Amino acid sequence: MNAKLLDIKKKYISGDIKSQNLESAIFTQVYGADPENIREACNDAAYVRCEAVEEATGASLDIIKNTRLDNCSLVGGDRILAGIEGKIGAATIPMGIAGPVKINGQFVDEKVYIPLATNEAALVAGVQRGIKAINMAGGLNTLVHFDGMTRAPLIEAPNIAEARRFCRQIVTDKVLFKELAVLSRDPFVRLEQIDPYQLGTKVFLRMTFKTGDAMGMNGVTKASADITRGILAKMPQWKLITISSNLCSDKKSSHINVLNGRGKSIQTEVFIPDEVLKAVFKKGVNARSVEKTVFHKCYLGSCYSGTIAGFNVNAANAVAAFYAATGQDLAHVISSSSCFVQADAAEGGVHFMVSLPCMELATIGGGTMFGTAKEALRLIGCGGFGKSVDDNVNVLRLAEIAATAVTALELNTACAQAAGYEMADSHVKLARGEEA
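How each quantity is defined
- Residues numbered from 1 in each chain as written.
- Predicted model: local features only at pLDDT ≥ 70, side-chain atom pairs only at ≥ 80, totals over all residues.
- Heavy atoms only, no water.
- Helix = DSSP H or I, 4+ residues; strand = E, 2+ residues; numbered from the N terminus.
- Expected span 1.5 Å × (residues − 1).
- Bend = angle between axes of the 7 residues up to and from the residue.
- Buried < 20%, exposed > 50% of the residue type's maximum accessible area, 1.4 Å probe, protein only.
- Contact = heavy atoms within 4.5 Å.
- Polar contact = N/O pair within 3.5 Å; in protein donor to acceptor, adjacent residues only side chain to side chain.
- Patch = residues over 30% accessible without salt bridge, like charges linked within 9 Å, V, L, I, M, F, W, Y side chains within 5 Å.
- Areas by Shrake-Rupley, 256 points an atom, 1.4 Å probe, with all protein chains shown as cover.
- Salt bridge = Lys/Arg side-chain N within 4 Å of Asp/Glu carboxyl O.
- Phe/Tyr/Trp six-rings, centres within 6.5 Å; stacked < 30°, edge-to-face > 60°.

## Some points on helix α11 (residues 287-305)
Taking 1.5 Å per residue, 19 residues should reach 27 Å; α11 reaches 26 Å between its end C-alpha atoms and fits that length. The largest bend in α11 is about 25 degrees, located at H296. Those residues of α11 that fall on the buried side of the exposure criterion are A287, S289, V290, T293, V294, C298 and S302. Check the buried side of α11 and you find it contacts α10 (274-280), β11 (310-311), β12 (339-346), β13 (349-359) and α15 (393-418). Between a side-chain oxygen at the N-terminus of α11 and the backbone nitrogen of R288 the separation is 3.1 Å; the capping residue is N286. Two residues or fewer past α11, G306 is found with a positive phi of approximately 85 degrees.

## Quick look at the environment of D390
Its place among the elements puts D390 in the loop between α14 (371-379) and α15. Look at D390 and you get partly exposed, because its relative accessible area is 44%. Sequence separation between D390 and L356 is 34 residues; the distance between their C-alpha atoms is 22 Å. Beyond its immediate sequence surroundings of up to four residues, D390 is in contact with R190 and K210. At a separation of 2.9 Å, a polar atom in the side chain of D390 contacts the side chain of R190.

## Let's talk about a nonpolar patch on the surface
Taken together, I97, Y113 and L379 make up a surface patch of nonpolar side chains, about 290 Å² in accessible area. Topologically, Y113 is positioned in strand β4 (residues 109-117).

## Some remarks on the packing of aromatic side chains
We describe a pair of aromatic rings using the distance from one ring centre to the other and the angle between the two ring planes. Taken as a whole and judged by the stated rule, the model has three aromatic pairs. Ring plane angle 65 degrees and centroid distance 5.3 Å describe the contact between F166 and W238, whose orientation is recorded as edge-to-face. Within this pair, whereas F166 is found in helix α6 (residues 160-172), its partner W238 is found in the loop between α8 (217-234) and β9 (239-242), the two being separated by 72 residues in sequence. What makes F166 buried here is its relative accessible area of 2%. Between F311 and F340 the ring centres are 5.3 Å apart and the planes differ by 15 degrees, which places this aromatic pair in the stacked class. Here F340 lies in strand β12 and F311 lies in strand β11, a separation of 29 residues in the sequence. Each member of the aromatic cluster is reached from another via a ring pair, and the members are Y299, F311 and F340.

What follows is the structure in structure tokens.
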């Protein structure tokens, strides 16, 4: 560490340089604000913070300190976006690969590999065995039938009659809708619909936007704020309660997302013949046993437990691993893993279906732009973004691949549980190296 950096470190520890200004201080004082060195400046700032934490606590953080992820950028030549605040290094997760899997979809019609980042033994193996059955059955049929991101401001009327009047107006007045839509100035955020919900004098405005290849949360939040300002400017007696009520519903398991969609809504299906069930899975697995397992576990058990949208075997496992591998917002695992599985025994096999009504994904923005996630997206043909809000084939392709990962694991784990104790035995073997 050179003298200039040591001096900055001392000032940071003493409080003369605030944490939020550390990258800028190093960038200007050590690197002379040379844009070519922005990544080095951000990396040095993380190193300085980590050393300060080590000195304050006595803990050794060598691995964290020396694990680097370049996710910073320079805006306008002088404004640094560090990626996250208070950065001290990076976390690492093992990444495995499953596939290739044959997908017969709207946006994927080929065999693709599926990257999965996880610490859980048996997960990648489970996806791979599900893929084996899917491929032997001719591939997985997929489709995306909803594409939109939501935000729901909450405003308050002076009385219930006025609230009811506006709820009717926002649905029927096409001129007003057009006036509000143009208030969204981002060309990649387009207002598609406003659904009002009244509770007394309170009016929830669930706004749905098209957001291109971006997941779109920042864009729709800004657009919703601009639209709400426009609404309240016309109605001075009304008040804003919050720009984001929980009717969006963001990063929560909610039934409104299941019914109306949020992000991408995806359907998948595959017919697994009896001979494939017999060849791929353990003794006792047949169309009827899979149907019975899925019904009693995913519906009877889930209903009895009070589950909102978890009518599946273990969808969150595949969603989390795929999201971690491709740089998605991990907080969206809770809503994106809302999943409904069906297994209908039929003559000659089982019709296996998965519905994912609210998967929030992106191929641009956030963690998708950096490091291993950027490579993983390129691997699966999703490493780009469109030139307009309607040019979003990349993220629609990503949605079908994500749903394929979920379907493969759901199929495998349902069949493992239909085979008695296999799920428990395989986890003991792969996670602990022990024989059951």
